[in-house]
Amino acid sequence: MTGHLRAAALVAAAVLLGLLTVQASYALWAAAASAAPGTVTSASFDVNLAGPSTPPTNMTLAGGQQAIVPVNPSGALTPGNAVYSSVSVTNKSDAGGQFNISVTTGTASKSNVAPGDLAQYLTVSARFAASAAACGTTAYTNIAAAGLTPVTVPKGTSTTLCFETRLASSAPDTVKGQSVTITTPLTATQLCGVPSGCA
């Protein structure tokens, strides 16, 4: 029995010695270094909107309010025809790296300016283009039920959101002179900002 106790004591001593050796080895690798304090600078995530006759404004105003940019179309709206307008969307981020944004529209909502029933005779369509001059009069997508497919806007560049508002040829004479407010929400989402890309 004493042989077993001696063997157990030797094993315990070997384990203890092994643990002490590991701890001593760890102590040899432990080191500390101090670092000088660095400077952290925040970047802005600014997106500017500008209508045909409105100066650029930040998409989000002070206090977190959403900007409203009037884009009144030029020309007279007559049955069977359309009027056009646009808004420029600029990625003004000053962050390092890529910091591209994805821009898309929500669905357009129409509301009559009382009294009136003009809204039911209007179709609102949109498209993205490189500039207002490139909007043209074709390839528009109706945004009554769904917004547009997102486009990528690299930092320091712009895209143009073009609008087409068409009055149905069946619109009665009673809508002449009526007004309608059309609201289209825009969403800008920051994409990967790492120069080597994101996983």
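Residues numbered from 1 in each chain as written. Predicted model: local features only at pLDDT ≥ 70, side-chain atom pairs only at ≥ 80, totals over all residues. Heavy atoms only, no water.

**A short note on the overall build of the chain**
Assigned secondary structure in the chain consists of one helix and eleven strands. By residue count, 28% of the 199 residues in the chain fall in the buried class. Long-range pairs, those at least 24 residues apart, make up 73% of the contacts in the chain with a sequence separation of at least 6. For the chain, the accessible area works out to roughly 12700 Å², and carbon and sulfur atoms hold 59% of it. (Helix = DSSP H or I, 4+ residues; strand = E, 2+ residues; numbered from the N terminus. Buried < 20%, exposed > 50% of the residue type's maximum accessible area, 1.4 Å probe, protein only. Contact = heavy atoms within 4.5 Å. Areas by Shrake-Rupley, 256 points an atom, 1.4 Å probe, with all protein chains shown as cover.)

**Comments concerning the state of the cysteines**
Across all of its chains, the model carries one disulfide by this definition. In this model, C135 is linked to C162 through a disulfide, with the two sulfur atoms separated by 2.0 Å. Residues C135 and C162 are joined by a disulfide whose S-S torsion is about -75 degrees; by sign, that bridge is left-handed. One end of the pair, C135, is in the loop between strand 6 (122–129) and strand 7 (141–142); the other, C162, is in strand 9 (residues 158–167), with 27 residues separating them in the sequence. (Disulfide = S-S within 2.5 Å.)

**Some remarks on the side chain of N48**
Among the secondary structure elements, N48 is positioned in strand 1 (residues 47–50). N48 sits in the buried class, given a relative accessible area of 18%.

**Digging into the side chain of S93**
Positionally, S93 belongs in the loop between strand 3 (82–91) and strand 4 (101–105). Taking the relative accessible area as the measure of exposure, S93 reaches 8% and is therefore buried. Within the structure, S93 has its side chain in polar contact with the backbone oxygen of S44 (distance 3.0 Å). In this view, S93 contacts S44, D46, F99 and K155; residues no more than four positions away in its chain are not counted. (Polar contact = N/O pair within 3.5 Å; in protein donor to acceptor, adjacent residues only side chain to side chain.)

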